[in-house]
Protein chains: 2
Amino acid sequence: MNIYDISKKAGVSIATVSRVLNESGKVSEATRQKILSIIEETGYTPNAFARGLGLNTMNTIGILCADSSDPYLASAIYLLEQGLRSHGYDSLLCCTGYDHAAKKKYLDLLLSKRVDAVILVGSNFVEAEAEKNQYILEAAQEIPVIILNGYLEGEQIYCSLCDDYEALHASTRRFLESGRKRPLYLYRALSYSGQRKLAGFEDACRDLGLQREDFHSACVNGSIAETRDFLEALWEKNSFDVILTCDDEMGIGALKFARSHGISVPHELSILGYNNSKLALCCDPELSTIDNQLSFSCTNAISLLIRALEGEPVPARTVLSAKLIARGTTDEPFFSLI
Amino acid sequence: MNIYDISKKAGVSIATVSRVLNESGKVSEATRQKILSIIEETGYTPNAFARGLGLNTMNTIGILCADSSDPYLASAIYLLEQGLRSHGYDSLLCCTGYDHAAKKKYLDLLLSKRVDAVILVGSNFVEAEAEKNQYILEAAQEIPVIILNGYLEGEQIYCSLCDDYEALHASTRRFLESGRKRPLYLYRALSYSGQRKLAGFEDACRDLGLQREDFHSACVNGSIAETRDFLEALWEKNSFDVILTCDDEMGIGALKFARSHGISVPHELSILGYNNSKLALCCDPELSTIDNQLSFSCTNAISLLIRALEGEPVPARTVLSAKLIARGTTDEPFFSLI
C-alpha cells in the first residue's frame, strides 16, 4: 500500500493525500475524513508515504544530545546506536549544544526527517521552567519520546534514569558516618539530575545533624585546571575533608588541587567522582566514583522505545539505582554502600 | 517554486513529477524530458521538492563517525557541529561502528535524507583495499565528500588532515638524537593515519642508523589496563627507554605500567601520547602528547565544504602540521620540535 494506492482508492490526487498527511493547504473536511478513514483502514503510515517517494525513513530513531565531547554523553550515544542497530533501527544524531533554541530547532529537524521516535540524552533537556519543555511535549504528540537521565511528565514520554538523589544521599551519609565532618559538593549546573544530586547531598548533611555552616556546595563550570584553581581560592576560607563532585573531570581537578597542596588523599581528604568514565582510570590514585549504570540505562531506554513503537504499555519512568566504585581516593568502608 | 508549480506548468500530476525525480515508475520519455526541462529552467531542486512536502532537507550536512565514545572523534563531531551551525547548516550524525557494511549503509541513509554534503570523520573510513572505498567514490558523484584525517583520491572528495608521518618522524628523531636508544611504538590499527604514523616512526629509526632489532612496534587494541598488561608481558624480553603511542589512552597505559614497575618517568623512560585529549591532563605527571590540530582541521574541513557547495575551486588535500605539547612524561628538549 503506498500513496498512489491511497489516492486511487479515495479518488483524489496524490497532492491532496499529501496535503492531508502534512496538514498543509486547503482540503475539504469531507475529503479529509475520507482519506483519513482509508488510511486507518489500510494501516498506511506517513513513513510508508515517504518511502514511496524514495525517502527511506522507516526504522530510524532520532537521538539528540547536547554535547558529544562530554565523554559521558558520548558513551551513551555509542551504546544507544549499537543497541538500536541490533534491533534493526538506524540512528540519526544531532548535537545541539546547550542553547534552548538550538535544541528545539534540532528536534523539529528530526521530526521533519520522519524519525519513528526520539531519544533525548542527558538531563539538560528538561528545564526547570515548564514553558521551555513545551516543544518536547509537542513532539511527543507525534512520536514516542524517550528521555535518558531526565524526567518530564507527559503522554508518550518515557524516562530511563538513575537515582541520583539516592546516590549522593547514601554516599554523603557514609562519609559522615565514617567520621568526615566538613563535606563539599561541587557541581556544574542545576539540570534535573543536577538538582537531584544537590538535594541528596544537602538532605544527607541535615539528616546527619550537620549545621548549615558545616557543609558547602559550589558551582564550578570548568575544566580540570579551573576546578583546581577554584579550590585554591576556596581553601583559604574553608578546609574540607571530603569532596563529592558531579562528574569525574571535576573529581580529578580536586585530586590535582590536593596534590599541589600536599594534602594526602584519601587520608586527609576523600574525593568522589561521578559517572565512572574513562577519565577516572587515568589519574593516580584512580578516582573512586559513582557508576550511574549508563549501559543498563541505555539498554532500558531501547526496550522502552521498542515497546512503545509496538504499541505495548510502557512505564513512564524507570529508575535505576547507582553503584559505588571504590578506588584509591576514598578509604571509607564503601563496599555495601548502594 | 515547488512541486505543485512544476506539475501545473508541465500539465501533469504531482505523482508523475515525483516518479521522474525518483526515477521510479513508468513515465513516457516525452513527458520525462518536458518535466526535466522545466526543472532545469526554474532551478528547481529535489531538495526544494522535499521541502515542498514538508520535509525540510536544505542546509543539512551529514557527518559519519565510527565511534563517538572515542574522545578524539567525539571532540571533532562537536567542533564540526558548532562550526556548521555558525554557517547556517544543521548536521545529522551517524555513528557507524567499525564494520564496513554499516558504514556503507549509513552513508546511503544520509544520502536518502538528502544532505547537501557529507563529512567522514576519522581515518578509519579509508581502507587499504581500494574496492572497499568504492561506496565513498559513488557518494562523491552525488554530493561533496569531506574526509577529516584521512586521504582518498577522487572527484569531489576533499581531505583535511594532519601530517602524522612527520609528527612521528620528527618526535622519534628527537628522542634518538637526545640519547634514547630503544624506542617502542604502540598502535591500534593500520588505518590511513595509522600507517603514516608507523612509517614515520620506522623511517626515523632507520634514518638515525638503528638496526632492525633495536626498534620495536606492536599492535595493542585495548584499554588503559590492557596496554599496561601488554607491556608487562613484553618487558620480560625487551626493555625500552622511550614509548611512543598512537593515542593518549595508550600513553596512559604505558605510564601505569612504568609506575607499577618502579620505572622512573621521564628519567628512565619517556612516554609520548597522541591527540592532546582530555585524558592526557588526568594523569600524574601529565602526559606529553602530539596535538594534531583537531580544531584547525575541523575549521578547515568546514571551509572546504562551504567552498565546494558554493562551486568554488577546492584543493583536494590540505595537510596541517602537528605540534608537540611537552608535559611531564618527556624531558627531551622538545620546544622547537615541530
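This is a predicted model, so every value here is computed, not measured.

**Q** Explain the packing of aromatic side chains to me, please; I cannot follow it from the model alone.
**A** Considering all chains together, one arrives at 12 aromatic pairs over all chains under this definition. Centroid distance Trp235 of chain A to Phe257 of chain A: 4.8 Å. Interplanar angle 50°. Geometry classified as tilted. Taken together, the positions of Trp235 of chain A in helix H10 (residues 224-235) and Phe257 of chain A in helix H11 (residues 248-260) put the pair 22 residues apart, joining distant regions of the chain. Accessibility expressed as a relative area gives 15% for Trp235 of chain A, which makes it buried. The exposure class assigned to Phe257 of chain A is buried, which follows from its relative accessible area of 0%. Summarising the aromatic geometry, the rings of Trp235 of chain B and Phe240 of chain B are spaced 5.4 Å apart at their centres and angled 70° between planes, so their arrangement reads as edge-to-face. An aromatic cluster is built from Tyr185, Tyr187, Phe201 and Phe215 of chain A, whose rings are joined through pairwise contacts.

**Q** Looking at this structure, how should I read the environment of Ala225 of chain A?
**A** All names here are of chain A. Its place among the elements puts Ala225 in helix H10. Here Ala225 falls in the partly exposed class, since its relative accessible area comes to 32%. With 24 residues separating them along the chain, Ala225 and Glu249 place their C-alpha atoms 9.7 Å apart.

**Q** Is there a simple way to think about the relation of the copies chain A and chain B in this case?
**A** Look at the two chain copies: a rotation about an axis and a shift along it is all it takes to match them. Superposing chain A onto chain B takes a rotation of 180° combined with a translation of 0.2 Å along the rotation axis, leaving an RMSD of 0.8 Å. Both chain copies can therefore be described as sitting about a two-fold axis.

**Q** Would you mind going over the pairing of strand E5 (residues 157-162) of chain B with me for this structure?
**A** Within a regular strand, side chains alternate between the sheet's two faces. Residues and elements named next belong to chain B. Counting buried positions along E5 gives six out of six residues, so the element sits mostly inside the fold. Taking every second residue as pointing to the same face, both faces of E5 are buried, with Ile157, Cys159 and Leu161 on one and Tyr158, Ser160 and Cys162 on the other. One ladder, built from four bridges, connects strand E4 (residues 145-148) with E5; its direction is parallel. Residue Ile146 lies in a different strand from E5, and its bridge partner there is Tyr158.

**Q** Please explain unusual backbone geometry as it appears in this structure.
**A** Leave glycine aside and you will find that most residues have negative phi; peptide bonds, for their part, are mostly trans. Omega for the bond connecting Val265 of chain A with Pro266 of chain A falls within 30 degrees of zero, at 5°, which places this linkage in the cis form. Of note, the amide linkage connecting Asp284 of chain B to Pro285 of chain B takes the cis form, showing an omega dihedral of 0°. With respect to the helices and strands, the residue Pro285 of chain B is situated in the loop between strand E9 (270-272) and strand E10 (289-291). In the Ramachandran plot, Gln156 of chain B falls in the positive-phi region, its phi being about 65° despite a non-glycine side chain. Within the fold, Gln156 of chain B resides in the loop between E4 and E5. On the basis of relative accessible area, Gln156 of chain B is assigned to the partly exposed category, the value being 26%.

**Q** Can you help me understand the sheet that holds strand E8 (residues 242-245) of chain B in this one?
**A** Strand pairing within a sheet occurs via backbone hydrogen bonds; the two strands may be parallel or antiparallel. All names here are of chain B. Pairing within the open sheet is parallel, and its four strands lie in the order E7-E6-E8-E9. Each end of this open sheet is capped by a strand with a single partner; those strands are strand E7 (216-219) and E9. Adjacent strand axes in the sheet meet at a mean angle of 15° when their direction is disregarded. Across four bridges, strand E6 (residues 183-187) lies against E8 in parallel orientation. Each bridged residue has a counterpart across the sheet, and for Tyr185 the counterpart in E8 is Leu244. Helix H8 (residues 164-177) rests against E6, E8 and E9 of the sheet, and its axis sits at about 175° to E8. Lying over the sheet, helix H10 (residues 224-235) contacts E6, E7 and E8, oriented at roughly 140° with respect to E6.

**Q** In this structure, what is going on with the sheet that holds strand E9 (residues 270-272) of chain A? I would like to understand it.
**A** Residues and elements named next belong to chain A. Here we have four strands laid out as an open sheet, ordered E7-E6-E8-E9, and parallel in their pairing. Of all the strands in the sheet, just strand E7 (216-219) and E9 have a single pairing partner and so form its edges. Going from strand to strand, the sheet's axes swing by 15° on average, the running direction of each strand aside. Along the sheet face, helix H8 (residues 164-177) touches strand E6 (183-187), strand E8 (242-245) and E9 and points at about 175° away from the line of E8.

Procedures and definitions
Counting restarts for each chain: residues are numbered from 1 in the order of the written sequence. Chain letters and ligand numbers both follow the written order, the letters beginning at A and the numbers at 1. Reporting in this predicted model follows two pLDDT cut-offs: at least 70 for local features of residues, and 80 or more for side-chain atom pairs to be given and counted; totals over whole chains, interfaces and linings ignore these cut-offs and use all residues. Heavy atoms throughout the structure, all of them, feed into the side-chain values; hydrogens and water do not. Pairs were defined over the aromatic rings of Phe, Tyr and Trp, the Trp ring being its six-membered one, requiring ring centres within 6.5 Å. Orientation was assigned from the angle between planes: stacked under 30 degrees, edge-to-face over 60, tilted for the rest. For helices the rule is a DSSP run of H or I covering at least 4 residues; for strands it is a run of E covering at least 2, with both sets numbered from the N terminus onward. A 1.4 Å probe rolled over the protein chains alone gives each residue an accessible area, and that area as a share of the maximum for its type sets the label: buried under 20%, exposed over 50%, partly exposed in between. Superposition of the copies was done by least squares, using only C-alpha atoms of residues whose pLDDT is at least 70 in both. Note on pairing: DSSP must find at least two bridges between two strands before they are called paired. Here an axis means a line fitted to C-alpha atoms, over the contact stretch when the element is a helix, while the angle between two N-to-C directions is reported on a 0 to 180 degree scale. Contact between two residues is taken to exist if any of their heavy atoms lie within 4.5 Å; hydrogens are not considered.

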